[in-house]
Amino acid sequence: MDKLLNKFASIAVNLYPRLIQWKKETGKKIIGCFPMYIPEEIIHASGMLPITLLGSDDELTLADQYVHPYICQLVRGNFGLSLKGELDFLDGIIFSDFCLTVQMISDIWIYHKPGGFYHQLILPKNMSASHTKRYILQQFNGLKKTLEKLSGRDISESSLKKSISIYNENRKLLHRLYQVRRANPCLFRARDMATVVAAGMLMFKEEHNMLLSELLYHASKAIPLSDGKVRLILSGYLCDMPELDVLDLLEELGAVVIDDDLYVGRRYFHTLTDESINPMEALVERFVEDVPCPTKLNQKRDWADYLSDLVKEAKADGLVSVALKYCEAHQYDFPVLDTSLSQGGVPNLMIESSHRGATGQLRTRIQAFLETLGGRDGN
Amino acid sequence: MTKEMEAEFSQNEIKTFAKPVRFVKEASLDGAEIHSITGYLKEKKEMDLIVAGVDIGSTMTKIVLMNTNIITSVIGPTGAEHRQLANKVMEQALVQAGLSFEDVAYVLATGYGRINVPFADRQVTEITCHARGIQSLFPTARTIIEIGGQDSKAIKLEGGKVLNFAMNDQCAAGTGRFLEVIADALELSLSEMSQISRKAKKKEEISNICTVFAEQEIISRLSEGVVVEDIVAGLFAAISRQVFKLAERLKIEKDVVITGGGAKSTGLIKAFEDKLGFTPLVPEEPLLTGAMGAAILGREQVLKSLEKGKLIRRREQRLEKVTFYE
Amino acid sequence: METKIRPLKMTEKLMGFVGKYWQDLWENHRAGKLVAWCSGVSPHEILKGFGISSVYLEGYGGFCSVAGISTDLCNRAEALGYSPDLCSLIRNFIGATRGTPAPGPEMLPFGGLPKPDLLVCMPYCPGIYKIWERYSRYLGVPLVVIERPRLHDALGKEEINRIMRDTISELQEMITFLEAFTGRRFDYDRLSQSIAYEQEASKLWWDVVGMCRNIPAPMSILDAFSHLFPFHCYRGEPEAVTYYRELKSELDERVANNIGSTIGLEKYRLYWDNLPIFFRIPEHIQKFASYGAVPVAATFPFYFGFPELDPERPLESFAKYSLFTPANVGLQARIDFTTKVVGDYSIDGLVMQRSRTCLVVNMGQDDILKELTKKTGLPSVVIEGDVCDSRFYSDSEVNSKIDTFMEILARQGQRKGQGDDCGL
Ligand code: SF4
Ligand code: SF4
C-alpha cells in the first residue's frame, strides 16, 4: 500500500514535468482550471485533460513584481508560475469569478500573457435568485462552445453523460476511501489523503479510478490500528493544496485527521452530478447544491451547520479551520463560523496560514488546542 | 530501596539516575524506556516528590522547583545568541535549592523553547501552563492576558480549564519586544517609562501597531515637540488596545489577571485598567506563572499516574543544552 | 516659504449640507419611515421611488475616517475576530454597528446609523455579500442582492449585452419585491425624476472635476474627494443638483479670474491614483502646497455619477452606470481610462496611493503605473496608505517620500527649463 501511496504522492508533488512528458507522448491537449468551480466534465468530454492549478509554495514569486503581496498564496503562486513560463504547456486556462482576487487576477494574467487561450466564467454569487440557474447554464453553455472550438470536436450529450459517470465513479471511490479512513483513521496520514486527491486533479479520472480501486482493495484488508489520539476534522484551504508540513504537525502533536472539509479533499468530490437529468442542467445543479461555501450566498445550508454535522457524524473531538492569509472569502466568515461552531458545542481552532509551514506559533496554537481537548493527558 | 537495587540501577545505563532511584525500569517500547514509579513511592512520601517547571522563553528561562510548595524559583537568560543557557539556569536553581538533578522526579517544559529540551519529560504549551499557574494563584480568574516577549495571548478559563484562547498574529505589536524597541528608541528603561507615564497630561495617539512604523512615528512626534510622557502614555494605551482586542474576542469576564513580562510595567497595567474600567489582578512575579503552572501540572500528572498505578514513560534525561525548533 | 491654501467657500457649506441629510434621515426613521442600508453604488433611485431613505455605507466609512475614528472602529471589528487584512471600510462599518465594545452614539458621526428596515447590496467586491447575508439574519431584515459581474477586458459584446439584460431584470425583480415589501405600487415617474436629478448632478460633478484641467486648477482634486459627500447622501435628489450648481459657479468664477487653489504659483500638477486617504486630506493638500504642487487629477471622482443616465430609460441607463464604472472594468480598460485622465490634466508627476486593503483598486496598480510611465515618462512616487485604517499609514514615511519626490520633480523641472534655454 505504501508503494501505491507513494505513487499518488509523486504525481501530486511533481506537478508539471510529468504532464509535459505525457502531453508529448499522447499529443493530447491540457486545460488548466483555476480553482475552483470549473465544470471539468465538459472539458473531459471534449477529449482534453482538465487539471487543477494548485499554485506553488514559493514565498518569493515573480508575481510580486506585478501585484502587491497582500493577496492569497494560491493566486500569487499560480501567477508566479505563469510568469516564469511554467504553465506554458497548457493549451488553455479557465478562470471563474467566484472571488475578488481571482476576478482581478484574470485580467492581469491575460494582460501579461497575451495570446493564450483563456475563458472567464462569470458565476453568480446568489444561489437562490430566480435567474441563478439560467445564468449559470448560459455560462456553462458558453464554456462548452469555446471548448468545442478549441478541441475541434463537438461535445455530444452522450459523451458528456459518459464523462459525468466517470467523474461520479471517481467521487464514489473517494467517498469509499474516506469511509475506510473514518473507520481506521491511523491507516492513512493526512498528507497521504491530500496527495491521493491532488493526484486526481492532475490526471484523467479513468486512470485515477484504477489507482483508487487498487488502493481501496489494499486498505480494506488492512488491520485496524488503535489510536488514542485526538480525532480532528480539518477544514479550510479554500481552494488551495493544504500545506503538508502543517498536516504532519497536527499528527506529530497527537491528533489524527479523520475527515476533512478541504478543497483538496472532501469539498472537491463530495457532491455527485445527477445522472438522471439533462447533463448540462445536472452540472448547474451540482454547482448550486455543492458543499456550503463562503463565496456563495443564500445556500440552503450554512457552512457552520454543515461542519458541525460532519464533526458529529464522524465522532470527531474538534475542528481545525485554516484560512489562507488574505483569503477574503474565508476571513469574512471566520468570526461567524467560530461563534456558530462554539455555540453548537464544537470545539474549534481557527488559524490563518501564510504558507510559512509549521512555525513555532502555529505549533503552540495547535498544541494548546489539543491540550484543551484533553489530548496527550495521561500519556 | 536496597543497596543491591541501587547497584543494579547504576549499571543499567541510566547514568543520570545514579543517586536516589525514583523509577524502576519495567520495559522498553519503541525506544522509550518505561519506568514504574511504585518503587519510588515505597521509599518517599508524596511530600518529597520534587517536580520542576521550566518555562523557556525567547530571552528568559524561568524555573520553578516544587514539592507541595515552591522550593525555589530562578529567572535567568535563555542566551540571546545561541540560546544555550537554559540548562545553566536549571543548574542554578538546583544549587539554590541544594538539590541535584537526580532529586527531581519529573520535569515539564513549556514556553517558546519547550520542544527540544533534553532534560524534560514532557512539554506543554505556555497557554495551558499559565492558565494552571494563574488558577492556583487566583482561583476566581476567568480571563488571563499574558504579555510575553514574542507574543501576547488571551486565555479564557471555565471551571479552571482553558475554554478558549487567542494569540496575536505573527506581529510584534502588543508584545514585550515592542515595548523594548520603543524603550530603546526613547532611551529609557522600562521602569522609567512607567514612572514617566504617570506624569502625562494627555495620551498622545499612537496609531501604528507595526513596530517599525511606530518607532518612526514616535521619533517624528518627539521632533514635533510632543513631550515624552504623553508619548509614553499613548504608547501604553496603544499596546493595551491591541492586546485588549485579542481578549475581547473571547469576551472579557472578571476576574482578569495580567501576567507575563509585560505585566511588570505598572504603566501598562494602568493603561489596561483604563481600558477595562476595573482593576486587573497581577501576580507578584508575573514572569513565573508559566513555570509555576508547568510544575503544578507535572506534579498532578505524576500523582495521578501513581494513583492509578500507571506507568510513566520516561526517557533518559540529560541536563544539556536546549535546541530550538525554528 | 509656506504656500497658503485658498479655501473654497463651498467647503463651509459642506458639513451643513451633509448634516441636514443625516438629520432628515434620523427624523424619517423616528417617524417610522423605511430606511435602507446600501453597499456599493446600489440603486438608491429605485428606493426613492418607494419613499425609502437610504444610507450609503462606504460613504459613511469615509465620514468616520475624516472624523478620525475609523481605526478605533476597525479595532472594534477585529475584536470580533475580523482580520485586519480585510477592507477597512467594511471593518469600519462592522465596528460602528456591531463592534465590541459597542461604540456609543456620541462618538459616531451623525449619532450613528438608524436601524435599517432593508438591506440593499450591489458591491464592487464579492467578499461583501457574505457580510450582508449575516447582517440580514442578525438584524432580521430582508436583503436585496444585485450582482455586479466584472466587465473583463476580453468579454465580447454579446456577453456584455447579456450581463446588461440580467442586471436590468434583477432591478425589475427588486421592484417587484419592494412592491410586496412596502405594499405600495412602484412610482415609475418618481424613478425617472430621480434619475433625472442624478443625471443633472452627474453632469455638474463631472464638469466640476473637469475644471481642474484649467491651469491653475481652481481646486485640488483632494478637495473634490470631500465634496463627493453630498453625492453619497443626496443620490437622485434635487439637493445634489443645487449643491453642485453652487460649487460649479464658485469654480467658474475662479477659472474666469485665473485663480488657483493656492496663493502662489502652481508649479507642479499631480495625478493622485486610487482612493483618498480620508483621514489625512487637509494635511496632504498642505504638504503638497508647501512645494507649490497641487494634485489636480484622479480617477476616483469618476466612480461617482454617470452623465449618460437617461430618465427615459431609467433602468437600462442605471444598469450601464453600475457596470461600466471604472471600478468594475478590466485591467486594460483601467489603464486606458487612467492614461486618458493623466493626459487631460497636464500632469507633471504621479502619486500612486496603495490603498492597502482594497484589492479592487490596488490589484493591477503596478501595471497601470508601468504603462503610465512608459507612455508619459512622468516621475512617480508610491505611497502606502489606506482609506480608513491609519495603521497602514505612517506620516513620517509618507512625508519623507513626498519630500524626495518633490526634489526629483524640481530637478527635472530645472532640466526642462535649461533644455528650453539651449533650444533658443
Ligand atoms: S477564495 Fe480565497 S484562497 Fe481562493 S482564490 Fe479567492 S482569496 Fe484565494
Ligand atoms: S474592498 Fe474596495 S471595493 Fe470592496 S468595499 Fe472595500 S473599498 Fe469598496
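Residues numbered from 1 in each chain as written. Chains lettered and ligands numbered in written order. Predicted model: local features only at pLDDT ≥ 70, side-chain atom pairs only at ≥ 80, totals over all residues. Heavy atoms only, no water.

Looking at the overall build of chain C
In plain terms, the rule: Put simply, DSSP marks the helices as runs of H or I at least four residues long and the strands as runs of E at least two long, and each gets a number from the N terminus on. The size measure is the radius of gyration over C-alpha atoms, and the globule rule it meets is 2.2 Å times the number of residues to the 0.38 power. Whether a residue is buried, partly exposed or exposed follows from its accessible area with a 1.4 Å probe, protein chains only, as a fraction of its type maximum: under 20%, in between, or over 50%, in that order. A contact between two residues is defined here by any heavy atoms of the two lying within 4.5 Å. Residue burial considers only the protein chains on display, and all accessible areas are found by Shrake-Rupley using a 1.4 Å probe. Positive charges come from Lys and Arg, negative ones from Asp and Glu, while His and the chain ends are left out of the count. Working definition for charges: the position is that of NZ of Lys, CZ of Arg, CG of Asp or CD of Glu.
Counting its secondary structure elements, chain C contains 17 helices and ten strands. Computed over the C-alpha atoms, the radius of gyration of chain C is 22 Å, within 12% of the 22 Å expected from 2.2 N^0.38 for a compact globule of 424 residues. Relative to its full complement of 424 residues, chain C shows a buried share of 63%. Pairs at least 24 apart in sequence give 80% of the contacts found in chain C among residues at least 6 apart. Entry remark: accessible area of chain C is about 15,300 Å², with carbon and sulfur atoms responsible for 53%. Of the side chains in chain C, 47 bear a positive and 54 a negative charge, and the two mean positions are spaced by 1 Å.

Observations concerning the overall build of chain B
Across its full length, chain B carries ten helices and twelve strands. Here chain B, with 326 residues, has 57% of them falling under the buried criterion. The long-range fraction of contacts in chain B, counting pairs at least 24 apart against all pairs at least 6 apart in sequence, stands at 64%.

Examining the site of ligand 1
All names here are of chain A. Applied cut-off: Summary of the distance rule: residues count as near a molecule or strand when at least one heavy atom falls within 4 Å of that molecule or strand. Any residue that is not Ala, Val, Leu, Ile, Met, Phe, Trp, Tyr, Cys, Pro, Asp, Glu, Lys or Arg is counted as polar, Gly included; the first ten are nonpolar and the last four charged.
The immediate surroundings of ligand 1 are formed by Cys72, Leu74, Val75, Phe98, Cys99, Thr101, Val102, Leu238, Cys239, Leu324 and Cys327. Elements that contribute at least two residues to the shell around ligand 1 include exactly α4 (73-84) and α5 (100-112). A class-by-class count of the residues in the shell around ligand 1 yields ten nonpolar, one polar and no charged.

Here's the deal with the nonpolar core
General note: in soluble globular proteins, nonpolar side chains tend to be found buried as a group. What counts here: For the purposes of this section, nonpolar cores are sets of buried Ala, Val, Leu, Ile, Met, Phe, Trp, Tyr and Cys residues that join through side-chain atoms within 4.5 Å.
Counting 302 residues, the largest nonpolar core has Ile51 and Phe140 of chain A together with Trp22, Ile46 and Trp272 of chain C as its most contacted members. The greatest single-element share of this core, amounting to eight residues, is contributed by helix α7 (residues 157-182) of chain C. In terms of nonpolar packing, the next biggest core, distinct from the first, is built from 33 residues, Ile145, Ala166, Leu186 and Ile196 of chain B among them.

Observations regarding the side chain of glutamate 170 of chain C
Quick note on the threshold: Between Lys or Arg on one side and Asp or Glu on the other, a salt bridge is scored when a side-chain nitrogen of the former is within 4 Å of a carboxyl oxygen of the latter.
Topologically, glutamate 170 of chain C is positioned in helix α7. At 7.8 Å, arginine 134 of chain A is the nearest oppositely charged side chain to glutamate 170 of chain C, a buried residue that forms no salt bridge. When neighbours within four sequence positions are excluded, glutamate 170 of chain C is seen to be in contact with His131 of chain A together with Val145, Ile146 and Glu147 of chain C.

Observations regarding the sheet that holds strand β3 (residues 53-56) of chain C
Residues and elements named next belong to chain C. To be explicit about the condition: Paired strands are those between which DSSP finds at least two bridges. Fitting a line to C-alpha atoms yields each axis, with helices limited to the stretch in contact; the angle taken between N-to-C directions then spans 0 to 180 degrees.
If you walk across this open sheet you meet the four strands as β3-β2-β4-β5, and the pairing is parallel. The open sheet has two edge strands with one neighbour each: β3 and β5 (143-145). The average undirected angle you get between the axes of adjacent strands in this sheet is 25 degrees. Note that strand β2 (residues 35-39) and strand β4 (residues 118-121) share four bridges and pair parallel. Residue tryptophan 37 lies in a different strand from β4, and its bridge partner there is leucine 119. Sitting on the sheet, helix α3 (residues 57-66) is in contact with β2 and β3, with an inclination near 55 degrees to β3.

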